[in-house]
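# Structural overview for review
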Amino acid sequence: MSNRFLQADYTAMALIEAKNKIFHENFITLSEFNQFNLSLQQEFHNRSLNVAITSGISGFLSKNDFTIINGIIMPSDECSCNIDRLSTDISTVLRDSEFITNFLIQQESDKLKVLEQAQQKNAKPYMKANGHPI
């Protein structure tokens, strides 16, 4: 079986649609997009689908379909990325609610770990006027 190629515009749209459905957010971050593509590529491999995620002609996302500002990716009003146009096996993965929910849970868990580490790093015991801990 030969490799098939999936333009990253569709992966961005799949994640935006999922976040919109779950969180009512119509955007993704560049970090989420990159991590999702890595997870998605692994999921294609796990399902024995010979699909490779590729960048657009510009090397990233289509400027006609997406607006990217300060690491935030939003679909444009003219966005033409319709996941329903893709083959059934690919669109099934892109709309797999369990896969996407697990991905989002992992992303939020990673963020919480970073916050906890920052909190522990910044936690200082209160000091008495003489400089000794209370």
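This text gives an overview of the structure that appears in the document. Because the structure is a prediction, the values reported are computed rather than measured. (Residues numbered from 1 in each chain as written. Predicted model: local features only at pLDDT ≥ 70, side-chain atom pairs only at ≥ 80, totals over all residues. Heavy atoms only, no water.)

### Observations concerning the sheet that holds strand β4 (residues 66–69)
Taken together, the three strands give an open sheet; going across it, the order is β2-β5-β4, and neighbouring strands pair in antiparallel fashion. Edge strands, defined here as strands with exactly one partner in the open sheet, are β2 (28–29) and β4. Bridging between β4 and strand β5 (residues 72–75) involves four bridges; their strand directions are antiparallel. Counted as the bridge partner of Thr67 is Met74 from β5. (Pairing = 2+ DSSP bridges. Helix = DSSP H or I, 4+ residues; strand = E, 2+ residues; numbered from the N terminus.)

### What to know about the pattern of salt bridges
Evaluation of the coordinates by the stated rule reveals nine salt bridges. Residue Asp96 pairs with Arg47 through a salt bridge whose shortest N-O separation is 2.3 Å. Here Asp96, found in the loop between α3 (88–94) and α4 (97–122), pairs with Arg47, found in the loop between α2 (30–46) and β3 (51–54); they are 49 residues apart in sequence, far enough to count as distant. One network of salt bridges, in which partners are shared, links Lys19, Glu25, Glu32, Glu108 and Lys111. (Salt bridge = Lys/Arg side-chain N within 4 Å of Asp/Glu carboxyl O.)

### A word on the environment of Leu61
Its location among the elements puts Leu61 in the loop between β3 and β4. In this structure, the C-alpha to C-alpha distance between Leu61 and Ile73, residues 12 residues apart in sequence, is 9.4 Å. Leu61 has contacts with Ala8, Asp9, Ala12, Phe33, Phe66, Ile68 and Ile73, leaving out every residue within four places of it along the chain. (Contact = heavy atoms within 4.5 Å.)

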